[in-house]
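# Structural description and commentary
In case you want the letters, here they are:
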Amino acid sequence: NSQTWRFVVIRDRNLISRICDEAMRPVIRNQWVKEAPVLIVGCSKLDIVANRLGSAVTGIEYYQIDLGIAMEHMVLKATELGLGTCWIGWFREEKIKEILGIPGSVRVPALLTVGYPGKGASPGRKRKSLGEIVFRDQWGSR
């Protein structure tokens, strides 16, 4: 429960536009992000002992798991409130850190847009069936 996550909540239209223009990776530039009323930048403090010690002992980067849990709670609450969200991982972390003044000891694994879904908006791809993703007792067993 070391709560290593931090969040930068951006509502400034110019700042969101700058992030979209300068920090999104090529090919899939996610220009639609400019339309989101809110952009949340998910950050993890790496200088907290739990992050350094945990990954050194187990090889698991717990800060990514902890941030994922915290951000997914935001997604669930937003959905409950009738808001739409989109998790984004296709960006240049160093550029995000430069634009927002985030220190070197902090990682930025994810962004999250929050807003009201457009008319006819859908969650995108069709969800896989449980039979495709759930196994009984052993991997591959149905």
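Residues numbered from 1 in each chain as written. Predicted model: local features only at pLDDT ≥ 70, side-chain atom pairs only at ≥ 80, totals over all residues. Heavy atoms only, no water.

The next subject is the sheet that holds strand S4 (residues 106–115). The sheet built from 4 strands is open, its strands ordered S1-S2-S4-S3 with antiparallel pairing. Where the open sheet ends on each side, the last strands, each with one partner, are strand S1 (5–10) and strand S3 (84–88). Sheet twist, expressed as the mean angle between neighbouring strand axes with direction ignored, is 25 degrees. Helix H4 (residues 93–100) contacts S1, strand S2 (38–45) and S4 of the sheet and is inclined by roughly 80 degrees relative to S4. (Pairing = 2+ DSSP bridges. Helix = DSSP H or I, 4+ residues; strand = E, 2+ residues; numbered from the N terminus. Axes fitted to C-alpha atoms, helices over the stretch in contact; angles between N-to-C directions. Contact = heavy atoms within 4.5 Å.)

Here we come to helix H1 (residues 13–23). Taken together, the buried positions of H1 are Ile16, Ile19, Cys20 and Ala23. Along the axis of H1, the buried positions cluster into a sector of 110 degrees, meaning they face one direction only. Tucked inside the fold, the buried residues of H1 contact S1, S2 and H4. Of the residues flanking the start of H1, the one acting as N-cap is Asp12, its side-chain oxygen 3.0 Å from the backbone nitrogen of Asn14. (Buried < 20%, exposed > 50% of the residue type's maximum accessible area, 1.4 Å probe, protein only. Arc of directions from axis to C-beta. Polar contact = N/O pair within 3.5 Å; in protein donor to acceptor, adjacent residues only side chain to side chain.)

On to H4, then. Looking at H4, one finds that the buried residues are Glu93, Lys95, Ile96, Lys97 and Ile99. Against the buried residues of H4 lie H1, S2 and S4. Among the residues trailing H4, Gly101 stands out with phi positive, at a value near 70 degrees.

Looking now at the packing of H1 against H4. Between H1 and H4, whose axes approach to 10 Å, the crossing angle comes to 150 degrees. The angle between the axes of H1 and H4 places the two elements in the roughly antiparallel class. Between H1 and H4 the crossing geometry is right-handed. Packed against H1, whose contacting residues are Leu15, Arg18, Ile19, Glu22 and Ala23, the element H4 presents Lys95, Ile96, Ile99 and Leu100 at the interface. By residue class, the composition of the contact of H1 with H4 is 6 nonpolar, no polar and 3 charged. (Parallel < 35°, antiparallel > 145°, perpendicular 65-115°, else oblique. Left-handed = near helix turned anticlockwise from the far one by under 90°. Nonpolar A, V, L, I, M, F, W, Y, C, P; charged D, E, K, R; others polar.)

This paragraph deals with the packing of aromatic side chains. Going through the model one piece at a time under the given rule, you end up with 2 aromatic pairs. Centroid distance Phe135 to Trp139: 4.6 Å. Interplanar angle 55 degrees. Geometry classified as tilted. By relative accessible area, Trp139 is classed as exposed at 77%. (Phe/Tyr/Trp six-rings, centres within 6.5 Å; stacked < 30°, edge-to-face > 60°.)

Before going further, it helps to spend a moment on the pairing of S4. Most of S4 sits out of view: 8 of its 10 residues are buried. Pairing of S2 with S4, which is carried by 7 bridges, proceeds in the antiparallel orientation. Across the sheet, Lys45 pairs through a bridge with Val106, a residue of S4. As paired strands, S3 and S4 are joined by 5 bridges and run antiparallel to one another. Residue pairing in the sheet places Thr85 in a bridge with Val114 of S4.

By themselves, these are just geometric observations and shouldn't be taken as functional.
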